Amino acid sequence: MLLPPDDYAKRRLTEPAELTVAAEFLIARGFGSDEIAVQLSRFYYVDIDALNDVVSNMSDHGGKAQWRHVS
């Protein structure tokens, strides 16, 4: 069996900050919160539990992520 070249490897999307940016990007382009996981999993290996936490946090705050400065 032949292995695909590394050019076809999916990037991992597991950090909450990256997931938030990706989710906001898709929401801004008209995707619903139930479609985000499907769309991201087409191109990335996604930590679904972390994505669910991010999306639920965004919906709790009116669709926008709440950023805060940490010292």
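For the structure, check the block above.
Looking at helix α3 (residues 48-60)
- With 13 residues, α3 ought to run about 18 Å at 1.5 Å a step, and its terminal C-alpha atoms sit 18 Å apart, in line with that.
- Among the residues of α3, Ala50, Leu51, Val54, Val55 and Met58 are the ones counted as buried. For α3, the angular spread of buried residues about the axis comes to 130°, placing them on one side. With respect to the buried face of α3, the exposed residues turned more than 90 degrees away are Asp49, Asp53, Ser59 and Asp60.
- In this structure aspartate 47 caps α3, since a side-chain oxygen of it lies 3.3 Å from the backbone nitrogen of aspartate 49.

Description of the pattern of salt bridges
- Counted by the stated rule, this structure contains one salt bridge.
- Between arginine 11 and glutamate 18 there is a salt bridge, with its nearest N and O atoms 3.0 Å apart.
- Overall, the relative accessible area of 47% leaves arginine 11 in the partly exposed class.
- For glutamate 18, a relative accessible area of 30% puts it in the partly exposed group.

About the criteria used
Numbering of residues begins from 1 in every chain and follows the order in which that chain's sequence is written. A pLDDT threshold of at least 70 governs which residues receive local features in this predicted model, and a stricter bar of 80 or more applies before side-chain atom pairs are shown or counted, although totals over entire chains, interfaces and linings include all residues. Only hydrogens and water are set aside when side-chain values are computed; all heavy atoms of the structure are taken into account. A run of DSSP states H or I qualifies as a helix once it reaches four residues; a run of E qualifies as a strand once it reaches two. Both are numbered from the N-terminal end. Helix span, expected: 1.5 Å multiplied by one less than the number of residues in the helix. Relative accessibility decides the category of a residue: with a 1.4 Å probe and only protein chains considered, values under 20% of the type maximum give buried, values over 50% give exposed, and everything between is partly exposed. What the arc describes is the spread of directions from the helix axis to the C-beta atoms. Polar contact criterion, stated in full: a pair of N or O atoms within 3.5 Å, where within protein one must be able to donate a hydrogen and the other to accept it, and residues adjacent in sequence count only if both atoms are side-chain atoms. When a carboxyl oxygen of Asp or Glu is within 4 Å of a side-chain nitrogen of Lys or Arg, the pair counts as a salt bridge.

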